[in-house]
Amino acid sequence: LERLLAHPEVLSVAVDEGGSGHLAEARPLIHAPALLRYGFSGDGVQIAVLDSGVALAHPDLGPAVIAEQCFCNDLGSGCCPNGNTSQSGAGAAQDDHGHGSNVAGILTSDGIQAPQGVAPDAELVALKVLDSQNGFCCTSDLIDALDWVLANRPDVDLVHMSLGTFSTFIGDCDAANAATLALADAVDALRANGALTIASA
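Quantities reported herein were computed from a predicted structural model and do not represent experimental measurements.

(A) Broad picture of the state of the cysteines. Counted according to the given criterion, the structure contains three disulfides. Two residues, Cys 70 and Cys 80, share a disulfide whose sulfurs are 2.1 Å apart. In this structure the cystine formed by Cys 70 and Cys 80 twists about its S-S bond by roughly -95°; its chirality is therefore left-handed. Of the two residues, Cys 70 sits in strand S3 (residues 65–71) while Cys 80 sits in the loop between strand S5 (77–78) and strand S6 (86–88), which places them ten residues apart along the sequence. Each of the two residues, Cys 70 as well as Cys 80, counts as buried. Each sulfur of the disulfide joining Cys 72 and Cys 79 lies 2.0 Å from the other. On the sign convention where negative is left-handed, the bridge of Cys 72 and Cys 79, at about -95° about the S-S bond, is left-handed. Across the pair, exposure class does not vary: Cys 72 and Cys 79 are buried alike. Should the bonded cysteines of the protein chain be numbered as they appear in the sequence, the pairing reads 1-4, 2-3, 5-6. Looking at the unpaired Cys 173, the closest cysteine sulfur is the one in Cys 138, lying at 18 Å.

Right, here's the structure in full:
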């Protein structure tokens, strides 16, 4: 590691850290009912959600899902629905924890079985990055998912990540270590393409 860090083309070296999903009572905090009354329903908006997946058969959520992808390592084994570390296409983002479905519901629930979401007419690009215990082993899974969105779904308007690591930083953490540098680069590339990325804090 010391030799690698001393190399002139290496800016930083850091541990590829894990983390977990975050929850919040978002709907009342942002006054979602008022937004809907003013006609802001999310029509024409595509949201990429990096989380534990989405309950694809749920009547409030399934119809909104337009694409699925999984990047889920679990310390050497895969935690995607197919048992591998990555999966594409139908069924790739099936939720096995519930956190992602809760987040997706806050965003786009149709209000058939659960309360209506903030943007019920928005479309979802579901990316499974959390395992059945609501954790992710590696920041690199998140970066892979963000890079996939940029390369494969350039029409995404918003990227939502209700998750984080256990690290704390003072001030701007974009250049704190190699992992935050890589995340910042991925977020900046999405922003340059017109997608806003939102993460819990």
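From this point, the discussion proceeds with the structure in view.
(B) Spatial organisation of the pattern of salt bridges. A full pass over the atoms with the stated rule returns two salt bridges. With its nearest N and O atoms 2.8 Å apart, the salt bridge here joins Asp 96 to Lys 128. Here Asp 96, found in the loop between S6 and helix H4 (99–108), pairs with Lys 128, found in strand S7 (residues 123–128); they are 32 residues apart in sequence, far enough to count as distant. Two residues, Asp 155 and Arg 153, come together in a salt bridge whose shortest N-O distance is 3.4 Å. For Arg 153, a relative accessible area of 18% gives the class buried.

Calculation notes
Residues numbered from 1 in each chain as written. Predicted model: local features only at pLDDT ≥ 70, side-chain atom pairs only at ≥ 80, totals over all residues. Heavy atoms only, no water. Disulfide = S-S within 2.5 Å. Helix = DSSP H or I, 4+ residues; strand = E, 2+ residues; numbered from the N terminus. Buried < 20%, exposed > 50% of the residue type's maximum accessible area, 1.4 Å probe, protein only. Salt bridge = Lys/Arg side-chain N within 4 Å of Asp/Glu carboxyl O.

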